[in-house]
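# Structure at a glance
Each chain, written out:
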Number of protein chains: 2
Amino acid sequence: MNIGDVAQLSGLPAKTIRYYEDIGLVKPLRSANGYRSFRDCDVHKLAFLGRARALGFSIEDCRNLLKLYEDDHRTSAEVKQIAEMHLGRIDQKITELTEMRATLAHLVNACAGDNRPDCPILADLAPKQDENALLDQPG
Amino acid sequence: MNIGDVAQLSGLPAKTIRYYEDIGLVKPLRSANGYRSFRDCDVHKLAFLGRARALGFSIEDCRNLLKLYEDDHRTSAEVKQIAEMHLGRIDQKITELTEMRATLAHLVNACAGDNRPDCPILADLAPKQDENALLDQPG
DNA sequence: ATTGACCTTCCAGCAAGTGGAACCCCTATC
DNA sequence: GATAGGGGTTCCACTTGCTGGAAGGTCAAT
């Protein structure tokens, strides 16, 4: 199969598939004309990668998951560990974003959004008087 | 003030401050010896940037917010618009992550995490039979 | 004179691709 | 045979927001 067909089937852009070959995630054969020639197993791998990336796994995680996927002697504990690590990172990210969201929503709510210059958002971002005092006064 | 002091005060790494100068966010003076010389207004800007970045605003957003911050003729509507856009992006990101989290938590939960190879996580990532059928059979 | 802590510039690299240029290949049509 | 189109190929640059390191200049103290 040529790259265009694989792109259609896997939903991954051809550019991304070439990139994945570049970094060694897939190793398609080559036809006599130099075109990449994808076997079913390559297509399976790409579908796997697409799913894993959609779940937010990093490329390095994907590489390791793929290795386990193809290793008959893997243990589910190895797979679970990667997934749990990733889950932890997602939770942390969600926590960060939720905190940002709260602050920001509060500020947006407080802002009149009219044609006057006074703005609680800028007021919050600007250094406070106390902080300036630290800068302006020696000691 | 030298960059080290400003780094201490603002909490931003010196490298980051140099980078912010590079991309035109601050324009410190230079001392005779070539060292950057930061005025109070530069330090204020950097503190502003630090806060804005901590709220997740992009550098381009920061650039615009800074411009508004320094513009006496700004309107709070302009500021609010940037913040609302950003809030929207955060909400979208939270939604994505929450969906990932749900799927992933479900899979992790279903995985025994023992020394056997069977793993619902890999099973979920692997292409399904139906999908393979599309590939294996001429359509 | 020399240490050590500063500061300077520039160059490379991270994740995970994306866009574009310049070029080759294959088929179909005129 | 020429040409148009729609594939494919490589390589290089760019994205975001820094971070690390090398090679070297400056300054205060010993």
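Our subject is the structure listed above.
These notes cover the structure that comes with them. Values in this document were obtained by computation on a predicted structure and should not be read as measured data.

## A closer look at the protein's contact with DNA strand C
In the vicinity of DNA strand C lie 19 residues, with Lys15, Thr16 and Tyr20 of chain A together with Gly4 and Arg36 of chain B positioned nearest. Restricting attention to atoms of DNA strand C within 4 Å of the protein, one finds that 70% of them are sugar or phosphate atoms. Separating a phosphate oxygen of DNA strand C from a side-chain N or O atom of Arg53 of chain A is a distance of 2.7 Å. Arg18 of chain B places a polar side-chain atom, nitrogen or oxygen, 3.0 Å from a phosphate oxygen of DNA strand C. Sorting the residues of the surface near DNA strand C by element identifies helix H2 (14–22) of chain A together with helix H1 (3–10) and helix H2 (14–22) of chain B as the ones contributing at least two each. No other element matches H2 of chain A, which puts four residues into the surface near DNA strand C. Among the residues making up the surface near DNA strand C, the classes are represented as seven nonpolar, six polar and six charged.

## Here we look at the relation of the copies chain A and chain B
When chain A is brought onto chain B, the operation consists of a screw motion whose angular component is 180 degrees and whose axial shift is 0.0 Å, with 0.1 Å RMSD remaining. Expressed as a symmetry operation, the mapping of one chain copy onto the other fits a two-fold axis. Taking C-alpha positions as reference, the residue of chain A nearest the rotation axis is Ile94 of chain A, located at 3.0 Å. Taken together, the interface assignments show that 100% of the residues at the interface of chain A recur at the interface of chain B, consistent with an identical surface on both copies.

## Considering the protein's contact with DNA strand D
For DNA strand D, the set of nearby residues contains 19 residues, the closest of which are Gly4 and Arg36 of chain A together with Lys15, Tyr20 and Arg53 of chain B. A breakdown of the atoms of DNA strand D within 4 Å of the protein gives sugar and phosphate a share of 66%. Within the side chain of Arg36 of chain A, one N or O atom sits 2.6 Å away from a phosphate oxygen of DNA strand D. Within the contact set of DNA strand D, a phosphate oxygen lies 2.7 Å away from a side-chain nitrogen or oxygen of Tyr20 of chain B. Put simply, the parts of the chain that give the surface near DNA strand D at least two residues each are helix H1 (3–10) and H2 of chain A together with H2 of chain B. Considering each element in turn, the surface near DNA strand D owes the most residues, four residues, to H2 of chain B. When grouped by side-chain class, the residues that make up the surface near DNA strand D number seven nonpolar, six polar and six charged.

## Some details on helix H4 (residues 59–69) of chain B
Regarding H4 of chain B, the residues found buried are Ile59, Asp61, Cys62, Leu65, Leu66 and Leu68 of chain B. Looking at the buried residues of H4 of chain B, the elements they touch are helix H6 (120–125) of chain A together with H2, helix H3 (40–54) and helix H5 (76–110) of chain B.

## Comments concerning the environment of Ile121 of chain B
Mapped onto the secondary structure, Ile121 of chain B falls in helix H6 (residues 120–125). Note on Ile121 of chain B: relative accessible area 2%, which makes it buried. Through-space distance from the C-alpha of Ile121 of chain B to that of Leu104 of chain B is 8.2 Å; in sequence the pair is 17 residues apart. Dropping the residues within four chain positions of it, Ile121 of chain B is found in contact with Val79, Lys80 and Ala83 of chain A together with Leu107, Val108 and Cys111 of chain B.

Procedures and definitions
Residues numbered from 1 in each chain as written. Chains lettered and ligands numbered in written order. Predicted model: local features only at pLDDT ≥ 70, side-chain atom pairs only at ≥ 80, totals over all residues. Heavy atoms only, no water. Near = heavy atom within 4 Å. Polar contact = N/O pair within 3.5 Å; in protein donor to acceptor, adjacent residues only side chain to side chain. Helix = DSSP H or I, 4+ residues; strand = E, 2+ residues; numbered from the N terminus. Nonpolar A, V, L, I, M, F, W, Y, C, P; charged D, E, K, R; others polar. Least-squares fit on C-alpha atoms with pLDDT ≥ 70 in both. Contact = heavy atoms within 4.5 Å. Buried < 20%, exposed > 50% of the residue type's maximum accessible area, 1.4 Å probe, protein only.

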